[in-house]
Amino acid sequence: MRYIGSKRNLIAEIEGMVNDKCLSNNVKNNDVVFLDLFAGTGVVAQSFKSKFSIVTNDNMYFSYVLARGETILNEVPNFDSLELDIGCDVLDYLNKLGCSTRAGFVANNYSQFGSDRMYFTEENAIKIDHIRSQIEDWREKYLSDDAYYYLLACLLQAVPFVSNISGVYGAYLKKWDKRAFLDLTLKHPAIINNNKLNQAFNLDANELVRNQKADICYIDPPYNGRQYTSNYHLLDTIAYADNPNIKGITGMREYSASEKSIYCSKVKVHDEFERLIADIQAQHIIISYSSDGIMSEEAIIDVLKKYCDPETVHLKKIPYRKYKSKIVCSDSAVNEYMFYAQKPEFARAEVLTKKKNSCYLATSETDEKHVIYPTATKIKDSNTLLASPLNYIGGKFKLLPQMLSHFPDDIDELIDVFAGGLNVGINVGCKKLIVNDINHFVVDLLKTLGDMPIDELLAALESYIDRYELSKTNREGFLRLRSDYNKNPNPIALYALICYSFNYQIRFNGNLEYNNPFGKDRSSFSEKLRRKLILFNQRLSQIDVDYFNLPFEELIETLVVSKKALFYCDPPYLISTGSYNDGNRGFKNWTPEQEDKLHTTLDKINSLGYRFILSNVTEHKGSKNQQLIEWAKKYNVVPLNFNYNNSSYNTKQGITKEVIITNF
Ligand SMILES: C[S@@+](CC[C@H](N)C(=O)[O-])C[C@H]1O[C@@H](n2cnc3c(N)ncnc32)[C@H](O)[C@@H]1O
């Protein structure tokens, strides 16, 4: 995509600087995290993807969609069930759409179908509307998040090729350019698989750096007063599909003050930039800027010298003409700047000074002071993660790669206080595991699945499946087993029931009877589930596991653990019971009092010198967990990978802010 300020032509220079300055012998390529903080088209992050884990960020939503649906993916998402139903490749199908009955916001406002604006021909505008709404229609039934963003990214990449503009959406051309008459065509992008965890964020850069650590941070902010929102508003509107209020000849959507970039403000940019550099948690910093920019070369160097090792600060000037080879620039004095600076305290291989946020704990054996360093750069390979054979509501499997990167390396004992499906417990990789849940059926089940020899376990399970003739269609057999189980509960019968139940849920009524309905045509003890069960059993047989069935506050009083233990808590969520976390399940309801008690318990864990990680959501579909937000102020709140900016448009989409809260 053509993009103002794109660094496509500067990539060789950036690579040269990374090779010269950042890749010393003690940093191995395969665990370097490259953060592209103002990613735009994502072209810079993309160029480093084959070497490093990449993290991209941009405060514009369409840029996030490009990154989420293309740059960070490691494979083309699976469209099998959709393609089975539509009978062809998904993009071939979309490329044939364009029915005038599906004309919508774009046709009505950005083409002469319904307005005076000439951004698109009527045909292409209608086609954009039809494709966009088709993607939304498919979302629930057919599309994973990866697949959804992939299709949106394909659409966004295709739109500029048929836009009647001179490069940006700040204005449309008054005469038709021939590109506008091309037929809008979505194409599969080339996806690079780096077998690493890559992430995309849609945050203000200054906010992200407070929580996101990296090895190399690349900074390419806007350098003049022109907002990217004015230039790319239409791509945002297509990405959001939220029918916003628009105004003026250009039909620009309204952006709130917080969505506009402070990097475009002459008055505020210096403070904003200084805060950014102060807060960055990366060893190597590379900045692109222009000699024509609002901040002077001297101002940038002063800030770098103040917060980085002054000896390392370096500036390379690249004549603008060389970089923009096709553009004739009248001012030969204009240079593209590349600054480099180092924050040695964030070096990973050799720690020169004590890191920010580190804390001292006494180890149980030696009572020596032991330094715990944040380990956000330790990325787990998602291929080695095990998924629990229990499909638990609120299960953390999808978030695991991100979450585990924040777990310290030296945990010798993990206490999974609200174990549920045990997705976290089995993947942390420490030698001792304490499994606790208030639901004793769940604890018995986990213990059985973990302790029983696998042959016996499979044989017992299959005997239930045979005896009750369980299948995707035999509702009667399922109901018979459910009734027998409720008279005479045992863990293997429960697992057989779960395997054929609706969404594989573990649900009990107030009398502690299993009451989840039949999973008609969907649920079964499939080959995939069988494999998960075998691996789960194998993993648990390799570690030392103790099982408890206690309310969390009692568990804490009961345990004696080492100082290198970590308490992991994934409680029911106060503001999102149901789809995220069902606190009830026939057991104790999760109330503000429970929440408060948990906070007090975690404070106690903290004051005793132990580490904890709490998973939660601070905001969900318009409601905020104020109790949690206030309490968490004294700890570290780490946002997980969600798209959020504070625009009113997002309230309609019902954003959820998933976080982990740590005390180390
Ligand atoms: C110069 S462009 C980046 C170009 C990018 N390196 C490329 O090659 O495509 C600057 C980007 O910063 C984004 N941006 C501006 N202010 C921001 C902020 N405060 N936080 C995050 N992104 C911001 C803009 O939306 C724009 O995409």
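That block above? That's the structure.
Residues numbered from 1 in each chain as written. Predicted model: local features only at pLDDT ≥ 70, side-chain atom pairs only at ≥ 80, totals over all residues. Heavy atoms only, no water.

A. Representation of the pairing of strand β1 (residues 33-36). Both faces of β1 are covered, namely the face carrying Val33 and Leu35 and the face carrying Phe34 and Asp36. In terms of strand pairing, β1 meets strand β2 (residues 53-57) through four bridges, oriented parallel. Opposite Phe34, over in β2, you have Ile54 as the bridge partner. At this point the chain moves from β1, through helix α2 (residues 43-48), to the parallel β2, and the crossover so formed is right-handed. Across three bridges, β1 lies against strand β4 (residues 213-219) in parallel orientation. (Buried < 20%, exposed > 50% of the residue type's maximum accessible area, 1.4 Å probe, protein only. Helix = DSSP H or I, 4+ residues; strand = E, 2+ residues; numbered from the N terminus. Pairing = 2+ DSSP bridges. Right-handed = clockwise from strand over helix to strand, strands pointing away.)

B. Structural detail: the site of the ligand. Every one of the 22 residues lining the ligand counts as a neighbour, but Tyr3, Thr41, Asp58, Asp220 and Ser261 are closest to it. Tyr3 is positioned such that a nitrogen or oxygen atom in its side chain is 2.6 Å from an oxygen atom of the ligand. In the model, a nitrogen atom of the ligand is placed 3.0 Å from a nitrogen or oxygen of the Asp204 side chain. Across the shell around the ligand, the residue classes break down as 11 nonpolar, seven polar and four charged. (Near = heavy atom within 4 Å. Polar contact = N/O pair within 3.5 Å; in protein donor to acceptor, adjacent residues only side chain to side chain. Nonpolar A, V, L, I, M, F, W, Y, C, P; charged D, E, K, R; others polar.)

C. Layout of helix α18 (residues 491-499). Across the nine residues that make up α18, a large majority, eight, are buried. What α18 keeps buried is the set Ile492, Ala493, Leu494, Tyr495, Ala496, Leu497, Ile498 and Cys499. On its buried face, α18 sits against α15 (440-451), α16 (454-467), α17 (475-487) and α19 (527-542). If you check the start of α18, you find a side-chain oxygen 3.0 Å away from the backbone N of Ile492, and it comes from Asn490. (Contact = heavy atoms within 4.5 Å.)

D. Fine view of the pairing of strand β7 (residues 281-290). Judged by how many residues are buried, β7 sits mostly within the fold: 10 of 10 residues are covered. Bridge count between β4 and β7: six bridges; the pairing is parallel. For Cys217, the partnering residue across the bridge sits in β7 and is Ile285. For β7 and strand β9 (residues 335-342), the ladder comprises seven bridges, and the chain directions are antiparallel.

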